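What follows is each chain in one-letter form.
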Amino acid sequence: PAQDLTDTATNDAQIAQEIESAIKSIMIKYSEVDEKMTNLGLLEEKFKALELANIELKKEVLKLSEQPASKPIKSVPNQVKAKTLVEFLNNKL
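Everything numeric here is computed off the predicted structure, so don't read it as measured data.

A. Seen up close, the overall build of the chain. Along its length, the chain carries two helices and zero strands. Relative to its length of 93 residues, the chain is extended, with a C-alpha radius of gyration of 40 Å against a globular reference of 12 Å. Across its three principal axes, the chain shows a C-alpha extent of roughly 125 × 40 × 15 Å. A burial count over the chain gives 0% of its 93 residues as buried.

B. Molecular detail of the pattern of salt bridges. A complete count under the given rule lists three salt bridges for this structure. In this structure, Lys-24 engages Glu-20 in a salt bridge whose closest nitrogen and oxygen atoms are separated by 3.4 Å. One end of the pair, Lys-24, and the other, Glu-20, are both in helix 1 (residues 2-65), four residues apart, so they sit about a helical turn from each other. Here Glu-20 falls in the partly exposed class, since its relative accessible area comes to 44%.

C. Structural detail: the environment of Ser-75. Mapped onto the fold, Ser-75 is located in the loop between helix 1 and helix 2 (82-92). The spacing of Ser-75 and Lys-58 is 17 residues in sequence and 35 Å in space, taken between C-alpha atoms.

D. Looking closely at a nonpolar patch on the surface. There is a patch of nonpolar side chains on the surface, built from Ile-15, Ile-19, Ile-23 and Met-27 and spanning about 370 Å² of accessible area. As for its position among the elements, Ile-15 is in helix 1. Judged by relative accessible area, which is 38%, Ile-15 ranks as partly exposed.

Cut-offs used in this document
- Residues numbered from 1 in each chain as written.
- Predicted model: local features only at pLDDT ≥ 70, side-chain atom pairs only at ≥ 80, totals over all residues.
- Heavy atoms only, no water.
- Helix = DSSP H or I, 4+ residues; strand = E, 2+ residues; numbered from the N terminus.
- Rg over C-alpha atoms; globule rule 2.2 N^0.38 Å.
- Buried < 20%, exposed > 50% of the residue type's maximum accessible area, 1.4 Å probe, protein only.
- Salt bridge = Lys/Arg side-chain N within 4 Å of Asp/Glu carboxyl O.
- Patch = residues over 30% accessible without salt bridge, like charges linked within 9 Å, V, L, I, M, F, W, Y side chains within 5 Å.
- Areas by Shrake-Rupley, 256 points an atom, 1.4 Å probe, with all protein chains shown as cover.

Next up, the structure:
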């Protein structure tokens, strides 16, 4: 009978240790999943911010596309005399 109690106590202690180990393993796994979910939430927030910025940029592009295109400047190049250019540059320096 005393041996049976010792065996039972040892068996119970071993079962308790296995349960404790399993619970620790579950808690570690849970914390990893929780961390991943937190990171996923942060990524979703960033994605939403990027989507809003993209919408704003699309609106700006649409607004700019409604404006008339600029017309090129049509002018004849002027011929500058070398003497005048040298005098101009000497006065600048």
